[in-house]
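# Summary of the model geometry
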Amino acid sequence: MVSRDGKPYRFDPGALCLELLPTGGPGAYARYEVLHEPADLVTWAGRSRLRDGLDLTVSEAELERARAFRDALFLLTADRAHGRPLRPAHLDAVNEAAARPPLVTRIEPDGTPGWAPGATATQLLSTVARDAIDLFTGPYADRIRECGAHNCRLLFVDTSRPGRRRWCAMEHCGNREKVRAHRARTHRDAPDTA
């Protein structure tokens, strides 16, 4: 990720499905859209936690479905992070994508894991949707969070041992919020010289 002032920082949302969310989103988040053409979804897949070597084909129609799926997943995740009821339309979008065949893994001749040829964006979305189902129904379902910074809306799953992660990235929002809190305390505790 890159901060507003152009500094790169590492953001690990903790799950494959949540890695898709920073690519844009519904409403006001559309200004962050990075999935403009099919090649952009291929690029995202190559940077995701999926293992290398995926030969992915994406059509324009699949790209549209990917953005719609991402938007529904974004809203579903935000609802979960804030303890709101999960909306049926968003659940339907995830379940519909998960019902399709996922990406297929295989063993390569050298014994390493690989991907079956002919992967499509539909299979990619199924794999991401299945990851979302595992997350939302698994042991970390109650650890889905939104960054605690006042102006950051990144969503992540807290996989830390104590379960107290508050920031999208400590070196980004965590440090900024700690500096902000320190300045507020210093200003509040400073003697009034007037």
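Higher on the page you've got the structure.
Heads up: these notes are all about the structure in this document. (Residues numbered from 1 in each chain as written. Predicted model: local features only at pLDDT ≥ 70, side-chain atom pairs only at ≥ 80, totals over all residues. Heavy atoms only, no water.)

### Focus: the environment of Trp167
With respect to the helices and strands, the residue Trp167 is situated in the loop between strand S6 (155-157) and helix H6 (170-189). Relative accessible area serves as the criterion here: at 11%, Trp167 is assigned to the buried category. (Helix = DSSP H or I, 4+ residues; strand = E, 2+ residues; numbered from the N terminus. Buried < 20%, exposed > 50% of the residue type's maximum accessible area, 1.4 Å probe, protein only.)

### Some remarks on the environment of His90
Looking at where His90 falls in the secondary structure, it is placed in helix H4 (residues 88-98). Residues His90 and Arg70, spaced 20 residues apart in sequence, show a C-alpha to C-alpha distance of 9.9 Å. Not counting residues within four places of it along the chain, the set of residues in contact with His90 comprises Ala72, Leu75, Leu76 and Asp79. (Contact = heavy atoms within 4.5 Å.)

### Some remarks on the packing of helix H3 (residues 60-81) against H4
One way to put it is that H3 packs onto H4 with a least axis distance of 8 Å and a crossing angle of 125°. On the basis of their axis angle, the class for H3 and H4 is oblique. Judged by the sense of rotation from one axis to the other, the crossing of H3 with H4 is left-handed. Contacts between H3 and H4 involve Phe69, Ala72, Leu73, Leu75, Leu76 and Asp79 from the first element and His90, Leu91, Ala93, Val94 and Ala97 from the second. By residue class, the composition of the contact of H3 with H4 is nine nonpolar, one polar and one charged. (Axes fitted to C-alpha atoms, helices over the stretch in contact; angles between N-to-C directions. Parallel < 35°, antiparallel > 145°, perpendicular 65-115°, else oblique. Left-handed = near helix turned anticlockwise from the far one by under 90°. Nonpolar A, V, L, I, M, F, W, Y, C, P; charged D, E, K, R; others polar.)

### Observations regarding the environment of Ala141
With respect to the helices and strands, the residue Ala141 is situated in the loop between helix H5 (121-137) and strand S5 (144-146). Spatially, the C-alpha atom of Ala141 lies 8.0 Å from that of Val157, the residues being 16 residues apart in sequence. Setting aside chain neighbours within four positions, we find Ala141 in contact with Arg80, Leu135 and Phe136.

### Describing the pattern of salt bridges
On inspection of all chains with the given rule, the structure shows 11 salt bridges. Close ionic contact of Arg49 with Asp12 constitutes a salt bridge, the shortest N to O distance being 2.5 Å. Linking Arg49 in the loop between helix H2 (38-47) and strand S1 (56-57) with Asp12 in the segment before helix H1 (16-19), this pair joins segments that are 37 residues apart in sequence. According to the relative accessible area criterion, Arg49 is partly exposed, its value standing at 40%. Bridged by salt links that share partners, the residues Asp12, Glu19 and Arg49 form one connected network. (Salt bridge = Lys/Arg side-chain N within 4 Å of Asp/Glu carboxyl O.)

### What to know about H3
Taking 1.5 Å per residue as the helical rise, H3 with its 22 residues ought to reach 32 Å, and the 31 Å between its terminal C-alpha atoms agrees with that figure. Gly83 occupies a position one or two residues after H3 and carries a positive phi of about 70°. (Expected span 1.5 Å × (residues − 1).)

### Examining the nonpolar core
Ranked by size, the top nonpolar core spans 38 residues in total, and within it Leu41, Trp44, Phe69, Leu73, Leu124 and Val128 carry the most contacts. Elements supplying a minimum of two residues to this core: H1, H2, H3, H4, H5 and S6. Residue contributions to this core peak at eight residues, all from H5. Aside from chain neighbours lying at most four places away, what touches Val128 is Leu16, Cys17, Leu20, Trp44, Phe69 and Leu73. Counting residues in hydrophobic clusters, the runner-up holds 10 residues, among them Cys147, Phe156, Trp167 and Cys173. (Core = buried A, V, L, I, M, F, W, Y, C linked by side-chain atoms within 4.5 Å.)

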